Every structure is written in structure tokens, then in C-alpha cells.
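Now for the letters of each chain:
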Amino acid sequence: MTNDINGIKSSDVALIIGSDTTEAHPVISARLKQAVIEGKTKLIVIDPKKIKLADFAAIYASQRPGTDVAVMNGMMHIILKNGWEDKEFIANRVEPEGFEALKKEVEKFTPEYVEKISGIPAKTLEEIAELFGKAKAAAIYYAMGITQHTTGVDNVKSTANLQMLCGNMGIPGGGVNPLRGQSNVQGACDMGGLPNVYTAYQQVANADAQAKMENYWKVKLNNKPGKPMTVAFDDAYEGKMKAFYIMGENPMISDPDLHHAEEALKKLEFLVVEDIFMTETAKFAHVVLPASTYAEKEGTFSNTERRVQKLNPAVKAPGSALHDWEIHQLIANKMGLNWNYTKAEDIFNEIRAVTPSYAGMTYDRIGRYGLHWPCPTTEHPGTPVLHVGKFTKGLGTMFPIPFKDPAELPDAEFPTYLTTGRILQHFHTGTMSRKSEGLNNLAGPHVMISVEDAERIGVKNSEMVKVTTRRGSITTKAFITKRIPNGTAFVPFHFWEAPANQLTNNALDPIAKIPEYKVCACKLERA
Amino acid sequence: MKITINGKNIEAREGQTILQAALANGIYIPHLCYHEKIGAAGKCRACVVEVEGMRGLQTSCSVMAKEDMVVNTCSQNALNAQKLVIDLMLSSGTHDCLACEQNGNCELQDAAYFLGIERPSVQYGEINREFDTSSEFVYVERNKCISCGRCVAACNTTVVNQVLDFGHRGHHTEIVFDTDKKMGESSCVQCGECVQMCPVGAIVDKNARGKGRLWDLKKVETVCPYCGVGCKLELHVNEKTNKIIKVRGVEDAPVNKGMLCVKGRYGFDFVGHPDRLTTPLIKENGQFREASWEEAIALVASKMTEIKDKFGADTIMGLASAKVTNEENYTFQKLFRTAIGTNNIDHCARL
Ligand code: SF4
Ligand code: SF4
Ligand code: SF4
Ligand code: FES
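A quick note: this is a predicted structure, and the numbers were derived from the prediction, not measured.

Peer 1: For this particular structure, what's the right way to read the overall build of chain A?
Peer 2: Helices and strands together make up the secondary structure of chain A, namely 19 helices and 19 strands. The C-alpha radius of gyration of chain A comes to 24 Å, within 12% of the 24 Å expected for a compact globule of 527 residues. Across its three principal directions, the C-alpha atoms of chain A cover 65 × 60 × 45 Å. In chain A, which comprises 527 residues, the share counted as buried stands at 64%. In chain A, 69% of the contacts between residues at least 6 apart in sequence involve partners at least 24 apart. Of the roughly 18500 Å² that chain A leaves accessible, carbon and sulfur atoms contribute 53%. Treating the 59 positive side-chain charges of chain A as one cloud and the 60 negative ones as another, the clouds have centres 2 Å apart.

If you want it as C-alpha cells, here you go:
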């Protein structure tokens, strides 16, 4: 998030697009609902599913899955036509070429044209654009509904275009606010858990960054960016990748194409899995290393608003399970290095030394409330709102984004849109939440279908439905709801018994390599 | 501004009520419907005090402190009125503290203790409302409810789930879920905010019942392991059994202000689950067998070295984790970049 959670109440308007906030980020949803009932904030919800927040929205619109670029281009078209853009912001803070190119691109996205693509009535789009465009401070919140598309990067760029156009960057209550899905996704990225960067996004291919890290780590480093995970799985499938070391992840549930992932893992010469349970993935491993949970360790997580917060140990890990960092240290030293960390704080202090945005944080300063990065010095108060007055790189860049269809659209054989996501009671691949009897009792595998589709295929609530795509099929319980539009089905991805990812399309975004989990075509049948 | 409470000069801030100023200065006044987060409700009348120049008793939770105000919280009049309120509450419920989950953490008990009430002066017949055990994680005992309305306010204005309300009339008034449904059949999402806000033992964590007294449990503040919001939570741990008994949202945490969702508050069973991995495992002939750390680490190190020498470091891939700490992601990528010599590191953030 460019902005902080406490700033939610400073928004005059909040646009929720591609996030079922109440299910996936319940406490942020509570903050948004509070802002609405207190009368300050108006919500705009754009989502194929009539999510719970739609009940609190001033305007709700249901778009066809995968048409977000067209919708946002349409909003910008209307905003520009009416002169609601922030002229001062555009003149001072964005590159003029980009703005001109964007203006040209959105010209053809008239409300009528966007209606044809997205199904949102032209009049509704006009209302949305007016409410958003005239707001003093408007924020955008999104989640995987924006990123898990073959056009994920385009979608993200569109949110930034819209926010720069309306001058909503660098102000309280504004911003582009992706809601991160897992407790420490932000931190995993910040720490260089990515193929092309060290900590704080310092490029591995940059000679200065390489020299700095070589100097600090006292080893020669490889300057060739590594492989993203989705590509590594393809390489493993083809026998080109020989070993995987998987820490605390379960791709055998989360990967876009599970048959492919299974074959890929089976072809490896060596697979190490470090986890807390014998996961679906760990079963394929040659060596399994027992690790610790959040309740057993000290360390830090960085949340969705870039706030670094402290974990403290409450219980002892079972048996001889170790902390993940202890395991890494044992392996590193066995491979001839000389690591001497005695506690998590030692590592944190090393992180500070090589990570400019974390340099000013100490365990003491993080204390009970945490600190937002960037926090460059020990006097710095942290940065709840990014891009105030100036973008990191100077002027902001707008990009003209043409609309592209999703990789797979419904047709005669597979007439229904299939989309996947989370539900409140479970989490990700279920490694943690599905160990709770109570949570399991609250929610099991299902497919949400519309009232119309249920009638068409002749099923009642809780009867079994077979969902088939070009890649596979699952049979699961029907959950019939008015919240789903006719012609769309939703499958939560937490359940190994009915794995959504046997159905999804592994077509990737060309840049971010994110699979298109949010749209593909399926066929529903009574089972 | 200066005000005087019980003859003591204290400093009050603009916008503070008498109750807030008193509490901030270590002066206790019984109060049950007021809570910092949901504000004054003016319902219970336990907080009455005398204010010079104002006629009759005033509810201190709703009267603003003013310059030079003179307040008496424990005049005979005030104390008698406070006692009457608490006595009536005790009389109209089953406040047998022995097995109550809230014992030692109950604001009604605190008020009775402060006022020296041994037992209620009258007991109104048999009070036997049905227990509601239908919810997966929350236990409702209306016999202990004092109708303070905190849970109703919490559900409607804090978490805005709009499930709880008061229903029925007169002295049959009680809290209801939706249109008087069982909690487990209502639209309740089991966020537990009402549990956290209830001052007595009327709404409690179902699975924590009987598992440990508040004062026997160690409290540790940490961060929720689930979504990216990063709610701060306080784990209540029984050190003898090494088990988490219950979880509270941290009220002054800037991220969540005490709120949690059903996973963060109740989804901790995995930590102490019998299926946890407790020892390294090595696969032999398609079967896992237990191994020592020495053996497992030696095998990983030698295999990695062998593959690196034979096929090159770039044929080894590491998946970091969005569920482990910054420190552990750091050591993981450092292991790959320094010991193995590849930048093949990614994680499942996008999946
Ligand atoms: S648990 Fe949450 S949703 Fe359910 S009644 Fe209590 S406050 Fe409302
Ligand atoms: S259940 Fe608790 S919080 Fe709710 S009205 Fe009764 S005593 Fe108050
Ligand atoms: S308690 Fe719920 S909302 Fe809060 S961080 Fe955990 S999963 Fe997210
Ligand atoms: S606390 Fe003042 S009336 Fe209840």
C-alpha cells in the first residue's frame, strides 16, 4: 500500500476493485465499513461478485471478469472529458509524454464502448467516474482480483494511471493500495525473496549493488537474475531444473496447473521441503525439515501497509523442530560458510546494514506498534504515506494501456466464467487453517453458482456439481447465491479435496509471470 | 484544565468526560457500559457521581470535564446509588463466579469488590435462560448478561457486522442474533469482537472454557500469521501444557485496534496439532524415515554441492515463504546467493 491503514478514514471515496475485502482482509473491511457508517467515506465497489462491501457501497457495479482495464480506461475517459482530472498534479508531477499517450489511448473508451466490453451500464460508469473524479481524496484498494490475470501488470498500471490523473498520490486518504494476501508477503519481497533483487529491491544485475553485497557477504556473487517460480516449474518439467528447496509453501495446492506441478516435482533429482506439516508438497520431498510456527519464534513481519512489526515467542516448538533461520545457518556452515547468528535480532541488524529502507529500525524502536518503511535513520519516524510531494524516481509515469481479453473466454463448450479466490474461514493452501476443527466445520469445499445457473443445470443447494475446464474437473457442493451473477462460478482454492487449481488456466502475465487464476471458462453439470 | 475529584486536583484534557479524566488519573469509578473504543452509552448508571453546582447525580461517562469542576465520586449519595445499580445487576443474573470464565477479569466483579458487596441483597426467583452453544467458537450465557449493550455496539459500530441487537421488550429484553436466531445459525462471522468487549462472562470463547485461569496464563503479544493486514494479537498460553488457550486482539495496536477475524482469533489449533513435524525425515525406497539433524543437514549440503558441481548452481531453485519472518527470508536468500551461488529465488506471493 502506498498509504496506511489508519488513513482509511481520511478518504472521501474509496474504490474497491478486485478485492473481496470482507472475506480476505476482514479487519480492513471493518475499517472501511466504519468509515462509511460514520458518514465520511463513500464506497464504490466494482466486482463480478456482489461482495459484502457492495451492501455498504454508494455505487456497485458488476463487470465481466477480466475487463478491469477497460473499466478504468472508461473512468479516465469520462474524467478527462469533464475536466475532473487534477491539472496541477499532472503539470507538476507526471511526465507529459505519458499523460498525452494515456489521453490518446482512453479516447475510444466511451461509456458505451466500455459497456459492450464489461457489461457495466454506461450510466453507472458515468456515476462512478463522477463520484471518483470529483472526490478530494480518493483511494483505490485492490487484491488478487487485479493481479491474477494475464493482464495483471496492465491492471496495476491502470490503477496508478487513475490515481495520478486524479492527484490522489501522496495524500492522506488516497493512494494505490494493494492488499497483501499473506502475513509476510511484503517482507518476503523486501528481503530479496525474488529472483532479480537483493533486499529493498536492489537489482542483482546492478554492478554497484553486487559490489556492495559482495563486500558485505565476503563472497563472489552471481549477477544473472534468477528464474521466477512459474518458469522454474516449467524447467523442472523439462528436466532442466535439478533441485528445489521449498520453505513453508505448498505449490501442490497453489500452483496454476497441479498435474504439471506434480510431474515437475517428480522429475527433480532432489527436493527439500522445510515446513511445519507433511504438506501435499512435502510428500514428494527427499528430505523434510521440521520448522516452527509464528507462535514459537522471534522476528518481524512486514504487513500490507509496510509496517514492520515484532513477533515474540509464546510456546515451544515440538520435538526437535528448529527455527527456519537456524536450519539455514546449519546448511550454510555445512557448505563451508561461517555464519554466527545467535538470535533473530542479529539477523535483523544485518538486514538493517544492507537495506536502506530498514536501516533506521531497531527491535527497540519497532516496539509494540511497529514502524513503516522507508525508515532510513534511527531518528526517522517511518513513512506511513509514500510519494508525498515527489515520486522516488522524480516524475511519475503514466502508461497507455490497451484492453486485452483474458486468455480464455467462455464458448459453446465451456459457457461459464470460472473465477477463484479466498473465503473468510480458510487461508491459502489450508496448511494452517484446515488443522482447526472449528474452521473446518464452518466452511468446506464448494462452488458458488448463480440462481439462474443452478436452475439451468437442475441442482439445489448443497447438491453435487461437476465443474470442468479444459484442464480438469472437480466435483463439489453447490452453494447457490444471489451474489454471483448469471454465467459465473466461484471456487475457493483452499481445499485439496476439490482443488481449484486443477481447473485454472496457467497462462501467465508476460511480465509478472502471474497465472490467470481469476478468469477461465468452465462447464457446470449436475453430478 | 484543572478539576478537583475527591478533593484531589487533577489535570483533565479538553474533550474528556469526568470518567475519562478520573480513570486517566488513577481514580476508579464503577462503569460497565462505557468502553474506550465504543464510547459512552449512558445505559448502566454505575458511574454516577456528584458534581458541585449540578443537581442530582450525574453519569460521569457522559458529562464533560470543565475548568474548575468539583467532583465527588464517593460521597454517601454517590456510593449508595452505585451500590444499588451493581446490587441490582447481581440480583438479576446468575453471578456465581466460581466456574465463570471471566472470574478475575470481570468488570462487574471489580465494581462489587470496590463497593464491598458480598452478595446480592435480593435474588429474583429462578433465572434460567437457555445457554446458546450453537456457535463454533463463542459461548453465550444470557443469565450473566447485564444488558450493558457493549457487544451490540461492538458488532454494529466497531466491526460493523450488524448481527447483534437487543430484542424482546421490558424485562424480557435480551441480546439477539439477527432476527432472534441461534448464534451458530445467524449471520455472525465469529470475529469475537463481542467476546472481547463483554465486561462480564456472558459471551466467552467457547473452547477456552475450563482450560486455565486468566492469572495462570502467560500473555505474549505477537502478529497474526494469516493475511497481510498484520493484526496484533495477544496469545494466552498455559506454560505447563505448552498450549495456546485463547487469543485477544491488542486494543492499542494501530493496525487492528483490538479487532481480529475468525482465523486470527480462533484458528490457532495448528500450532499444537499432533501432526506437526517434530524431526527431520529422509526418504528411502519411497518411504520416509526419521533422521537426526546432523544426517539431514549433511545430506542436503552434499546433494546441493553435488548438483551444483554437476549441473551448475542455476539448476537449483529456492522458494522463500510469505509465512516466515523477514529474518528467515533473509537467511534463505543469503543461503542461495552465497552458499549455492544462484539468484533462483522466488515465493508464492502471486499465487
Ligand atoms: S462474533 Fe463478531 S459478528 Fe458475531 S456477534 Fe460477535 S461481534 Fe458480531
Ligand atoms: S452480553 Fe455482555 S456485552 Fe452484551 S449486553 Fe450482555 S453483558 Fe453487555
Ligand atoms: S486476524 Fe484476520 S484480519 Fe487480522 S491479520 Fe489475521 S487473518 Fe488478517
Ligand atoms: S458507564 Fe456510565 S452509564 Fe454505564
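Next comes the rest of the account.
Peer 1: Sorry if this is basic, but what is going on with the domain arrangement of chain A here?
Peer 2: Reports of interface size often rely on the accessible area that becomes lost once the parts have come together. Residues and elements named next belong to chain A. You can read the domains of chain A as domain 1 (5–178), domain 2 (185–372) and domain 3 (416–526). Between the C-alpha centres of domain 1 and domain 3 there is a distance of 26 Å. With 23 residues of domain 1 at the contact, the number on the domain 3 side is 21 residues. A buried area of about 1800 Å², summed over both sides, lies between domain 1 and domain 3, and 59% of it is on carbon and sulfur atoms. For the interface between domain 1 and domain 3, the tally reads one salt bridge.

Peer 1: I would appreciate a short explanation of the sheet that holds strand β12 (residues 416–421) of chain A in the present structure.
Peer 2: Strands belonging to one sheet form pairs held by backbone hydrogen bonds; the direction of such a pair is parallel or antiparallel. Residue and element names in this part refer to chain A. Ordered by their spatial adjacency, six strands build a closed barrel running β12-β16-β13-β15-β14-β19, and the pairing between neighbours is mixed. Between one strand and the next, the sheet's axes are offset by a mean angle of 45 degrees, whatever the strand orientation. Strand direction decides the pairing type here: strand β14 (residues 464–468) and strand β15 (residues 473–480), joined by five bridges, are antiparallel. Paired with Thr468 across the bridge in β15 is Ser473.

Peer 1: Mind showing me how you'd approach the site of ligand 3 here?
Peer 2: Within the structure, ligand 3 sits among Pro26 and Val27 of chain A together with Cys224, Tyr226, Cys227, Gly230, Cys231, Leu260, Cys261, Lys263 and Gly264 of chain B. In this structure, ligand 3 sits where chains A and B come together, each supplying nearby residues. Elements with a minimum of two residues in the shell around ligand 3: α2 (26–37) of chain A together with α6 (262–266) of chain B. Partitioned by chemical class, the residues of the shell around ligand 3 number eight nonpolar, two polar and one charged.

Peer 1: So what exactly am I meant to see when it comes to the site of ligand 2 here?
Peer 2: Taken together, 13 residues form the shell around ligand 2, and within it Cys145, Cys148, Gly149, Cys151 and Cys198 of chain B come nearest. Taken together, the residues of the shell around ligand 2 break down into 10 nonpolar, two polar and one charged.

Peer 1: Whenever I open this one, unusual backbone geometry confuses me. Can you help?
Peer 2: Leave glycine aside and you will find that most residues have negative phi; peptide bonds, for their part, are mostly trans. The omega torsion of the bond from Trp373 of chain A to Pro374 of chain A falls at -5 degrees, within 30 degrees of zero and hence cis. With respect to the helices and strands, the residue Pro374 of chain A is situated in the loop between β11 (371–372) and β12. Unusually for a residue other than glycine, Tyr201 of chain A sits at a positive phi of about 60 degrees. Here Tyr201 of chain A lies in the loop between α10 (185–190) and α11 (207–217). Residue Tyr201 of chain A is classed as partly exposed on the basis of its relative accessible area of 34%. The phi dihedral of Asp178 of chain B is positive, around 50 degrees, even though this residue is not glycine. Looking at the element boundaries, Asp178 of chain B is found in the loop between β9 (174–177) and α5 (193–197).

Peer 1: What exactly am I supposed to notice about the environment of Val153 of chain A here?
Peer 2: Residues and elements named next belong to chain A. Tracing the backbone through its elements, the reader meets Val153 in helix α9 (residues 152–165). C-alpha separation for the pair Val153 and Pro510, spaced 357 residues apart in sequence, amounts to 8.5 Å. With residues up to four places along the chain from it excluded, the contact list for Val153 reads Asp509, Ile511 and Ala512.

Peer 1: Just to check I follow, could you spell out the packing of helix α12 (residues 229–237) of chain A against helix α14 (residues 258–267) of chain A for this structure?
Peer 2: Two quantities define a packed helix pair, namely the angle between the helix axes and the distance between the axes. Residues and elements named next belong to chain A. At a closest axis distance of 8 Å, the pairing of α12 and α14 adopts a crossing angle of 60 degrees. Between α12 and α14, the crossing angle belongs to the class labelled oblique. Taken as a pair, α12 and α14 cross one another with a handedness that is left-handed. Along the contact surface, α12 presents Phe233, Asp234, Ala236 and Tyr237, while α14 presents His260, Ala261, Glu263, Ala264, Leu265 and Lys267.

Peer 1: Whenever I open this one, the packing of α2 of chain A against helix α4 (residues 150–158) of chain B confuses me. Can you help?
Peer 2: Look at α2 of chain A against α4 of chain B: their axes get within 9 Å of each other, and the N-to-C directions meet at 90 degrees. The pairing of α2 of chain A with α4 of chain B is recorded here as roughly perpendicular in orientation. Facing α2 of chain A, whose interface residues are Ala30, Gln34 and Ile37 of chain A, α4 of chain B presents Asn156, Thr157 and Thr158 of chain B. Looking at side-chain class alone, the contact of α2 of chain A with α4 of chain B contains two nonpolar, four polar and no charged residues.

Each value, and the rule that gives it
- In this convention, every chain numbers its residues from 1, walking through the sequence in written order.
- Chain letters start at A and ligand numbers start at 1, both assigned in the order the entries are written.
- Restriction of local features to residues with pLDDT of at least 70 applies here, the model being predicted, together with a cutoff of 80 or more for giving and counting side-chain atom pairs; totals for whole chains, interfaces and linings are based on all residues.
- For the side-chain quantities, the full set of heavy atoms in the structure was used; hydrogens and water were omitted.
- In this text, helices come from DSSP runs of H or I with a minimum length of four residues, and strands from runs of E with a minimum of two, each type numbered from the N-terminal end.
- Radius of gyration means the value over C-alpha atoms here, while the globule rule gives 2.2 Å times the residue count to the 0.38 power.
- Each residue is placed in one exposure class: buried if its accessible area under a 1.4 Å probe, protein chains only, is under 20% of its type's maximum, exposed if it is over 50%, and partly exposed if it falls in between.
- Whether two residues are in contact is decided by their heavy atoms, any of which lying within 4.5 Å being enough.
- Every accessible area reported is derived by Shrake-Rupley at a probe size of 1.4 Å, with residue values counting cover from the shown protein chains alone.
- We treat Lys and Arg as the positive residues and Asp and Glu as the negative residues; His and chain ends play no part in the count.
- To locate a charge, take atom NZ for lysine, CZ for arginine, CG for aspartate or CD for glutamate.
- As annotated, the domain borders come from an automatic or database domain assignment.
- Note on terms: buried area is the combined drop in 1.4 Å-probe accessible area of two parts once they are placed together, counting the loss on both.
- The rule for a salt bridge is simple: a side-chain nitrogen of Lys or Arg has to be within 4 Å of a carboxyl oxygen of Asp or Glu.
- At least two bridges found by DSSP between two strands is the condition for calling them paired.
- Between the N-to-C directions of two axes lies an angle of 0 to 180 degrees, each axis being a line fitted to C-alpha atoms and, for a helix, fitted only over the stretch in contact.
- One heavy atom within 4 Å of a molecule or strand makes the whole residue count as near it.
- Three residue categories are used. Nonpolar comprises Ala, Val, Leu, Ile, Met, Phe, Trp, Tyr, Cys and Pro, charged comprises Asp, Glu, Lys and Arg, and polar comprises the others, including Gly.
- Angles are sorted into four bins: roughly parallel if under 35 degrees, roughly antiparallel if over 145, roughly perpendicular if 65 to 115, and oblique for all others.
- If you view the pair so one helix is near and one far, a crossing is left-handed when the near helix is turned anticlockwise from the far one by less than a right angle, and right-handed when it is turned clockwise.

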